[in-house]
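Residues per chain, in single letters:
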Protein chains: 2
Amino acid sequence: MEALADYFKVFSEPNRLAVLDALRQGPLNVTAVVEHTGLSQALVSKHLKLLTIAGVVKRRPEGSLVFYEVIDRAVFKLLAQAEKQLLAARRQQLDALAAIL
Amino acid sequence: MEALADYFKVFSEPNRLAVLDALRQGPLNVTAVVEHTGLSQALVSKHLKLLTIAGVVKRRPEGSLVFYEVIDRAVFKLLAQAEKQLLAARRQQLDALAAIL
DNA sequence: TGATAGAATCACGCTGTCGTGATGTCGTTG
DNA sequence: CAACGACATCACGACAGCGTGATTCTATCA
């Protein structure tokens, strides 16, 4: 339960989701992620480290570059399902509001 | 993306997950949730309010009591899938460790 | 209406995490 | 070996969210 909360925490940061989204189409090195997201290099490194520790992403040094890659693409399924739930929740809130007005 | 991160944030708290878990078997009033979770009344109220604002839970006053109920039980599917992903990530980490040793 | 129980809210201290600028480390290339 | 680029880490200020104890609000019932 504690662990599950921590796992959700991994995806509870907009910038981290942006980093993850940059890796959607395949492996990228750090600089490429920086360019894709517009975030600072230090911040991207930090988020990538977190994602690595969480076991979501895999680190692969290649020469002087370091590539990162999503280990299990099923995480995107999780993101999609969460987004679906989010939309359903939003819709329900509007319905509840309409029922009052 | 920002909204999605906020949605994940809802489930990134152990106590909030505990509250949600108490509501798994059906509607409960606040005191019942307090007893199920062992949390303080103020804290339970706070979490229930958050869950309500997030559109995950529905508030229904009944006499002097206030019952809370999960709106869309599909959230439990989301929790289950997240837990599955979590386990997969943990397994992968062990494999990576074994590959080194 | 006064008393009581259930629920919500307030004020506050505290901790964790985020983002940044600077610095450190590592590998390549001249 | 010196210099440079890529990446990681550090130290720090800022801020948001958690949990608590006390208080307030609301509905029921004597």
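Residues numbered from 1 in each chain as written. Chains lettered and ligands numbered in written order. Predicted model: local features only at pLDDT ≥ 70, side-chain atom pairs only at ≥ 80, totals over all residues. Heavy atoms only, no water.

This brings us to the packing of helix α2 (residues 14-22) of chain A against helix α4 (residues 41-53) of chain A. A pair of packed helices is captured by two measures, namely the crossing angle of their axes and the spacing between those axes. Residues and elements named next belong to chain A. Close contact between α2 and α4 brings their axes to 10 Å; oriented N to C, the two are set at 80 degrees. On the basis of the axis angle, α2 is roughly perpendicular to α4. When α2 is examined against α4, the residues Asn15, Arg16, Val19 and Leu20 are found in contact with a partner set consisting of Leu43, His47, Leu48, Leu50 and Leu51. Residues of the contact of α2 with α4, tallied by class, amount to 6 nonpolar, 2 polar and 1 charged. (Axes fitted to C-alpha atoms, helices over the stretch in contact; angles between N-to-C directions. Helix = DSSP H or I, 4+ residues; strand = E, 2+ residues; numbered from the N terminus. Parallel < 35°, antiparallel > 145°, perpendicular 65-115°, else oblique. Contact = heavy atoms within 4.5 Å. Nonpolar A, V, L, I, M, F, W, Y, C, P; charged D, E, K, R; others polar.)

The subject of this paragraph is the relation of the copies chain A and chain B. Think of it as a corkscrew move, a rotation about one axis and a shift along it, taking one chain copy to the other. Between chain A and chain B, which share one sequence, the superposing operator has a rotation angle of 180 degrees and an axial displacement of 0.0 Å; the RMSD is 0.0 Å. What the rotation and shift describe, once combined, is the action of a two-fold rotation axis. In this assembly, 100% of the residues forming the interface of chain A have copies in chain B that are likewise at the interface, indicating an isologous arrangement. (Least-squares fit on C-alpha atoms with pLDDT ≥ 70 in both.)

Moving on to the sheet that holds strand β2 (residues 57-62) of chain A. All names here are of chain A. Taken in spatial order, the 3 strands line up as β1-β3-β2 in an open sheet, and their pairing is antiparallel. The open sheet has two free edges, formed respectively by β1 (28-29) and β2, since each of these has just one partner strand. With 6 bridges joining them, β2 and strand β3 (residues 65-70) adopt antiparallel strand pairing. Residue Arg59 lies in a different strand from β3, and its bridge partner there is Tyr68. (Pairing = 2+ DSSP bridges.)

Once that is clear, we can look at the pattern of salt bridges. A pair can form between side chains of opposite charge whenever their charged atoms are brought close. According to the stated counting rule, one finds 6 salt bridges over all chains in the structure shown. Close ionic contact of Glu62 of chain A with Arg60 of chain A constitutes a salt bridge, the shortest N to O distance being 3.0 Å. Residues Arg24 of chain B and Asp21 of chain B are paired through a salt bridge, measuring 3.0 Å at the closest nitrogen-oxygen approach. Assessed through its relative accessible area of 36%, Arg24 of chain B is described here as partly exposed. When salt bridges that share partners are traced, they join Arg60, Glu62 and Glu69 of chain A into one network. (Salt bridge = Lys/Arg side-chain N within 4 Å of Asp/Glu carboxyl O. Buried < 20%, exposed > 50% of the residue type's maximum accessible area, 1.4 Å probe, protein only.)

Below, the discussion takes up the pairing of strand β3 (residues 65-70) of chain B. In summary, the side chains of a regular strand alternate between the two faces of the sheet. Residue and element names in this part refer to chain B. The alternating pattern of β3 places Val66, Tyr68 and Val70 on a buried face, while none of Leu65, Phe67 and Glu69, on the opposite face, is buried. Bridge count for strand β1 (residues 28-29) against β3 is 2 bridges, and the pairing is antiparallel. Note on β3: the bridge partner recorded for Asn29 is Phe67. Joining the antiparallel neighbours strand β2 (residues 57-62) and β3 is a turn of 2 residues, in which Gly63 adopts a positive phi near 65 degrees.

This paragraph deals with the interface of chain A and chain B. Across the contact, 35 residues belong to chain A and 35 residues belong to chain B. Carbon and sulfur atoms make up 69% of the surface buried where chain A meets chain B, a total of about 3,100 Å² over both sides. Between the two partners, chain A and chain B, sit 0 salt bridges. At the junction of chain A and chain B, the tally comes to 2 residue pairs in polar contact (both at pLDDT 80 or more). For the side of chain A that touches chain B, the secondary-structure elements that each account for two or more residues are α1 (2-10), α2, α4 and α5 (74-100) of chain A. The element best represented in the side of chain A that touches chain B is α5 of chain A, accounting for 15 residues. Tallied by class, the residues present in the side of chain A that touches chain B amount to 21 nonpolar, 7 polar and 7 charged. (Buried area = accessible area lost by both parts, 1.4 Å probe. Polar contact = N/O pair within 3.5 Å; in protein donor to acceptor, adjacent residues only side chain to side chain.)

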